[in-house]
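Here is what each chain is made of, one letter per residue.
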Amino acid sequence: MSLDFKPELGDFFKDETFRDDFTFKNSPAAIARFPFPFDRDDYMYSVNMEPHISGRPGSVFEKTFDVDEHYVSEMIDRAKVLAEDPLRCQSLPHMTLAGWDLLELIMDSNARDYPQWFSLHKNGNQWHWINRPLGIDHKFTFLDESTLPYGPMEYITRQTQGDFSLQDERDGNLWMDAGMITTQADWSLDFDVGMNFMEWHAPVPLAHEKQVFDRALKFLLKLQNGSPVRRFNWTMTVNPLLDTAPETYPKWGPTKASLTQDNLGSKQHLRVELQALFRLPRSNAIAFSIRAYLGKFEELVTMPKWGRRLHRVLRDIHPDIAAYKGFARNQPAMVEWLAKYDDGKPTSPGWWPTPE
Amino acid sequence: MSKTIFPPSIKSRPVYATLEPRPGNAHVVIADGEGAEALADLLAKAPDRAAMLAQMHILYAPGPTGTDQWAAVQTLGAAQSYRAPTIAAMLPRLTKVVSEAHMGTQFYLTGTEGLIGQAEREIMMTGLPFAAIQKEHRGSTLRRVQCVHCKGITENVALDPFVCSHCGLSLYVRDHYSRRIAAFQGVNIDAEDPGLVPAAVERFK
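Analysis parameters
Residues numbered from 1 in each chain as written. Chains lettered and ligands numbered in written order. Predicted model: local features only at pLDDT ≥ 70, side-chain atom pairs only at ≥ 80, totals over all residues. Heavy atoms only, no water. Phe/Tyr/Trp six-rings, centres within 6.5 Å; stacked < 30°, edge-to-face > 60°. Helix = DSSP H or I, 4+ residues; strand = E, 2+ residues; numbered from the N terminus. Buried < 20%, exposed > 50% of the residue type's maximum accessible area, 1.4 Å probe, protein only. Contact = heavy atoms within 4.5 Å. Buried area = accessible area lost by both parts, 1.4 Å probe. Polar contact = N/O pair within 3.5 Å; in protein donor to acceptor, adjacent residues only side chain to side chain. Nonpolar A, V, L, I, M, F, W, Y, C, P; charged D, E, K, R; others polar. Axes fitted to C-alpha atoms, helices over the stretch in contact; angles between N-to-C directions. Parallel < 35°, antiparallel > 145°, perpendicular 65-115°, else oblique. Left-handed = near helix turned anticlockwise from the far one by under 90°. Pairing = 2+ DSSP bridges. Salt bridge = Lys/Arg side-chain N within 4 Å of Asp/Glu carboxyl O. Domains from an automatic or database assignment.

K.L.:
Describe the packing of aromatic side chains, naming the residues involved and giving the relevant values.
P.N.:
All names here are of chain A. Going through the model one piece at a time under the given rule, you end up with 34 aromatic pairs over all chains. Ring geometry for Tyr71 against Phe118: centres 6.0 Å apart, planes inclined by 75°, an arrangement best described as edge-to-face. Of this pair, Tyr71 sits in helix H2 (residues 71-84) while Phe118 sits in strand E3 (residues 118-123); the two residues are 47 residues apart in sequence, bridging distant segments of the chain. When sorted by exposure, Tyr71 lands in the same class as Phe118, which is buried. Relative to Phe327, the ring of Trp234 lies with its centre 5.8 Å away and its plane at 40°, an arrangement referred to as tilted. A residue pair is termed long-range when its members are at least 10 positions apart, and Trp234 in strand E8 (residues 229-238) and Phe327 in the loop between helix H12 (319-324) and helix H13 (331-339) qualify at 93 residues. Classification of Phe327 as buried rests on a relative accessible area of 2%.

Put into C-alpha cells, the structure is as follows:
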C-alpha cells in the first residue's frame, strides 16, 4: 500500500516548484483573491479571531478548506519534505482518534465543496475516497488504521494544503500532541510536540504581556464542534520557499542576504497564514490548520491599496516583531522598495483590495 | 521559591520551587551535585525524619562541575542509597524504579536542570501523576541543549554560542525548553552570514 500520486493538472492546477528553481508565481486571479492580512495601516498582535463561516464567493474564505491553483504542486513539495525528514509529521500514540476526526472533516468538506475534484462514498465504515487532481482512488475502512498506507492524519494531510496540528485538551490546557508541519514559518514540530499552549508560544515577544495568549486559550477551550474560528498571521519569506523549517535554516538562511532593490520585487514574499480551528467530535481535540499563502511584493503592489498599506505597516512596525518574524535585516530595503508605491493617499478600512 | 536566582525568562522554562515533605508510602529522591543540600533541607523539615528515611530511595550523581556530596548523602541513612557516576549511567536504574513505583509514591527531583528534566521525563512517561513530582533547582546552571538541525544533544553547555558536539555547527541557545526532550533549543547562529560567529560568552555556570 502506498500513496503514489498520478497528478491530473487539467487547466486549473499549476506545475511549479517551491525549491531549487522556484518557478512558483500567482496568476492574476490568485493575486486578486490573495488574503492580504492588514485591515489598517499599522499592525500589533491581537486576538483577531472570527467565525470561520463561508465568506465572499471566490475568496479564500468561501470554502472550509481552500483548494487553489497551487494544490498539486504543494502536495508534491510536501512529499519531498517528508522523504527528506519524516520527523515533520508526528502523532503521539493517544492522538489516532483525533486523526480520524480530521480525516473525516476534510473528506466531508472537500467532497461537498469541490465535487468536481473529490468524492466520498460511505457504506457504514466502508469508505471510498476519490481525489482526482492527485489521481487517488482508495477504498478503506473508517477507524481501521490497517486499511490506510499511513496513519489517518498523515494520510489526509498529504492530500491537503496547509499545515495541521492536533491539540488534546486536558488540565484546562491544549497540548500539541500531533502535527503535519512542512510549510511552517520557522518553528519545529519535533521540538514543540507535546507542549501546552503557553509553552509552544513561549518565544513570541510582547503578546504574553498583553495577555493575548491567556485570552486566546480561554476562547479556544470554549470552541464548539460545528463552529470553527479563524484568524490571520503573517511573516516574510525570501524566495517562494514553503518549507522554512528551523531544521534546514542553514540551507535557506543565506538567501536573506541576497536581496537587492532590483530583485526584491520578485524574491521577497509576504507569507500569510490563514489559520482555522475546529473542535473535533469524537476525540474532543482541536484541529488547527495553518494555510500559508505566498505573495511576491511585485504581485501585491498591482493592488494600489495593498502597496500603500504594506509600505506603512512595515515602515512603522515594532522592532521586536520585525526581529521575531526574522525580517529585521531586510526591513529598510523592503520599505525603500515599497515607498514608490505609496503616494500618501488614505486607504479604506478592511483588507479587500477595493475600494482603494 | 528556588534558591537559584534565574534572570527573567520565558514561558516554556520550568519554574522551580522548594522541596517540601509530603505524606507518601514511598519517597524517591533523584539528585545531582548541590541537590544533596536540598535533600538535607527537605529532611530537616520532615515531621518524622526517621520514618521518611525508612521509605526513601536516593539516586545520586555528582554535578556537571564536579560537586560530589555522596559522602553526606550516604550518611543520611535512607533505606536505599545509590551513587551513579553520571546522569546517563543513572537512567537505567531510574527507569526501573519509576516503572515499579506505586500510586502514593512521592518524587523529589533536585540539582541541575538536566537532571531534573531527564528524571521528570522518565516519570511522566509512566503516566504517574504530575502532582507527585516536586522539583528544586540547586547548583550549576549549565544547560542541556538539542541542536534543532541534527537533533543531537550537547550536555553541560556553558558558552553561548557554542559548537554542537554532533554536527559542529555554531549554535546559540534559544530560551525555548521542551520537557519531552528535556532540553533547550540550539539554533545555528551564522546561518544567514556563514562564518560570522560572535565571540562566545559564558552564560551558564
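K.L.:
Quick one: what's the story with the interface of chain B and chain A, residue by residue and with numbers?
P.N.:
Often the size quoted for an interface is simply the accessible area lost on bringing the parts together. With 24 residues of chain B at the interface, the matching set in chain A holds 26 residues. Regarding the contact of chain B and chain A, the summed buried area is about 2,000 Å², with carbon and sulfur atoms giving 56% of it. Here chain B is connected to chain A by 13 residue pairs in polar contact (both at pLDDT 80 or more). Tallied by class, residues from the side of chain B that touches chain A come to 10 nonpolar, 7 polar and 7 charged.

K.L.:
Mind laying out the packing of helix H4 (residues 87-99) of chain B against helix H5 (residues 113-125) of chain B, listing which residues take part and the relevant values?
P.N.:
Residues and elements named next belong to chain B. H5 packs onto H4 with a crossing angle of 30° between their chain directions and a minimal axis gap of 10 Å. Between H4 and H5, the angle falls in the class roughly parallel. Judged by the sense of rotation from one axis to the other, the crossing of H4 with H5 is right-handed. Along the contact surface, H4 presents Ile87, Met90, Leu91, Leu94, Thr95 and Val98, while H5 presents Gly114, Leu115, Gln118, Ala119, Glu122 and Ile123. For the contact of H4 with H5, the residue count by class is 8 nonpolar, 3 polar and 1 charged.

K.L.:
Hey, could you go over the environment of Asp85 of chain A for me, with residue numbers and the actual values?
P.N.:
Residues and elements named next belong to chain A. Assignment of secondary structure puts Asp85 in the loop between H2 and strand E2 (89-91). Under the relative-accessibility criterion, Asp85 is labelled buried at 15%. Counting along the chain gives 232 residues from Asp85 to Ile317, while the straight-line C-alpha distance between them is 35 Å. In terms of polar contacts, Asp85 uses its side chain to reach the side chain of Arg88, at 3.0 Å.

K.L.:
Tell me what's going on with the pairing of strand E5 (residues 136-141) of chain A, and back it up with residues and numbers.
P.N.:
Residue and element names in this part refer to chain A. Sheet topology note: the strand E4 (residues 126-131)/E5 ladder contains 6 bridges and is antiparallel. Bridging across to E5, Trp127 finds its partner in Phe140. Here E4 hands over to E5 after 4 residues, with Gly135 in that stretch at a positive phi of 70°.

K.L.:
Now, about the pattern of salt bridges: what can you tell me, with residues and values included?
P.N.:
Residue and element names in this part refer to chain A. Applying the stated criterion across every chain yields a total of 45 salt bridges over all chains. The salt bridge partner of Arg78 is Asp163, with a shortest N-O separation of 2.8 Å. Of the two residues, Arg78 sits in helix H2 while Asp163 sits in strand E6 (residues 163-170), which places them 85 residues apart along the sequence. Pair check on accessibility: Arg78 and Asp163 agree, each one buried. Put simply, Asp343 and Arg308 hold a salt bridge, and the shortest N to O gap is 2.7 Å. Pair noted here: Asp343 is in the segment after H13 and Arg308 is in helix H11 (residues 304-316), with a separation of 35 residues, a long-range link. Arg308 sits in the buried class, given a relative accessible area of 5%. Beyond isolated ion pairs, a larger network of salt bridges with shared partners links Arg33, Asp66, Asp68 and Arg291.

K.L.:
Requested: an account of the domain arrangement of chain B, with residues and values cited.
P.N.:
All names here are of chain B. When cut into domains, chain B gives domain 1 (26-137) and domain 2 (143-202). Taken over C-alpha atoms, the centre of domain 1 sits 28 Å from the centre of domain 2. Facing the 9 residues of domain 1 at the interface are 10 residues of domain 2. Per-residue buried area on domain 1 facing domain 2 is highest for Glu113, Gln118 and Arg121; these three make up 54% of the total on that side. Inspection of the domain 1/domain 2 interface yields 1 salt bridge. Ionic pairing is found between Glu120 and Arg179, a salt bridge with its closest N-O pair at 4.0 Å.

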